Amino acid sequence: DGGITQSPKYLFRKEGQNVTLSCEQNLNHDAMYWYRQDPGQGLRLIYYSQIVNDFQKGDIAEGYSVSREKKESFPLTVTSAQKNPTAFYLCASSISRTPPPNEQFFGPGTRLTVL
Amino acid sequence: AQKITQTQPGMFVQEKEAVTLDCTYDTSDPSYGLFWYKQPSSGEMIFLIYQGSYDQQNATEGRYSLNFQKARKSANLVISASQLGDSAMYFCAMREGGYRGSTLGRLYFGRGTQLTVWP
């Protein structure tokens, strides 16, 4: 089955530690995205990548880093510089084509709790 | 300024009734696309419906329809014949730019509306 996997589903870390969230897709999609969701805030874009070895900052990139070495994978590292990392993290992907809608497909999410 | 505004934090509807979830957007780009997603308590995001800025007719997908009023910059989601399984958070989102809104561009999301369907 094609889809997006995120692991782990729940993640606990101590304050000051870096942590990497995994996102893999087998949909052959070109673009991948990372969003952060906090209660009452909706989804906010952290980073996105439209092609391998290239990525752009979103609205809240500070304290996060990404890499896109393979088309299928877009891991997100939450660094110790991120002041409030406890949140629900969603990964998404989309394909480059016309016509629309070219909707984004989402993974199941990772809930990160920093203690 | 907010790109997407959803003014209803919560909505309640009785089973089998219709409900409208509001969404207004802000863009100066003539080409854009509007999306609605559903997020159940499990957290997954489910794509429901899409409306392109150049589409002449309102989009429909089963029990979902989009009331697109371009001059008012609104894209309200209408759910007909509500079911208990419709209880979830609903997000409106917009993608700007590109030919007929069909680029890989980023999405801007609203804060969501929590819909509760009661029997």
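Residues numbered from 1 in each chain as written. Chains lettered and ligands numbered in written order. Predicted model: local features only at pLDDT ≥ 70, side-chain atom pairs only at ≥ 80, totals over all residues. Heavy atoms only, no water.

Participant: Break down the interface of chain B and chain A for me, with residues and values.
Facilitator: Contact with chain B, which involves 20 residues of that partner, is made by 27 residues of chain A. Summed over both sides, the interface between chain B and chain A buries roughly 1900 Å², with carbon and sulfur atoms accounting for 58% of that surface. The closest approach of N and O atoms between Asp59 of chain A and Arg106 of chain B, which form a salt bridge, is 2.7 Å. Inspection of the chain B/chain A interface yields five residue pairs in polar contact (both at pLDDT 80 or more). The greatest single-element share of the side of chain B that touches chain A, amounting to three residues, is contributed by strand 5 (residues 32-39) of chain B. The residue inventory of the side of chain B that touches chain A, partitioned by class, reads nine nonpolar, seven polar and four charged. (Contact = heavy atoms within 4.5 Å. Buried area = accessible area lost by both parts, 1.4 Å probe. Salt bridge = Lys/Arg side-chain N within 4 Å of Asp/Glu carboxyl O. Polar contact = N/O pair within 3.5 Å; in protein donor to acceptor, adjacent residues only side chain to side chain. Helix = DSSP H or I, 4+ residues; strand = E, 2+ residues; numbered from the N terminus. Nonpolar A, V, L, I, M, F, W, Y, C, P; charged D, E, K, R; others polar.)

Participant: Before we move on, could you go through unusual backbone geometry and cite the residues and values that matter?
Facilitator: Note the cis peptide between Ser7 of chain A and Pro8 of chain A, where omega equals -10°. Within the element layout of this structure, Pro8 of chain A appears in the loop between strand 1 (4-7) and strand 2 (10-13). Although it is not a glycine, Asn28 of chain A sits at a positive phi angle of roughly 60°. Topologically, Asn28 of chain A is positioned in the loop between strand 3 (19-25) and strand 4 (31-38). Of note in the backbone geometry, Lys16 of chain B takes a positive phi value of approximately 80° without being a glycine. Structurally, Lys16 of chain B can be placed in the loop between strand 2 (10-14) and strand 3 (19-21).

Participant: An account of the state of the cysteines is requested, with residue identities and associated values reported.
Facilitator: According to the stated counting rule, one finds two disulfides over all chains in the structure shown. Covalent S-S linkage joins Cys23 of chain A and Cys91 of chain A, the inter-sulfur distance amounting to 1.8 Å. On the sign convention where negative means left-handed, the S-S torsion of about -75° between Cys23 of chain A and Cys91 of chain A marks this disulfide as left-handed. Here Cys23 of chain A, found in strand 3, pairs with Cys91 of chain A, found in strand 9 (residues 87-94); they are 68 residues apart in sequence, far enough to count as distant. Neither residue differs from the other here; Cys23 of chain A and Cys91 of chain A are each classed as buried. Each disulfide pairs two cysteine sulfurs, and for Cys23 of chain B the partner residue is Cys92 of chain B, the sulfurs being separated by 2.0 Å. Between Cys23 of chain B and Cys92 of chain B the disulfide shows an S-S torsion of about -60°. By sign, it is left-handed. With Cys23 of chain B in the loop between strand 3 and strand 4 (24-25) and Cys92 of chain B in strand 10 (residues 88-96), this pair connects stretches of sequence that are 69 residues apart. (Disulfide = S-S within 2.5 Å. Buried < 20%, exposed > 50% of the residue type's maximum accessible area, 1.4 Å probe, protein only.)

The quantities given are spatial measurements derived from coordinates; they are silent on function.
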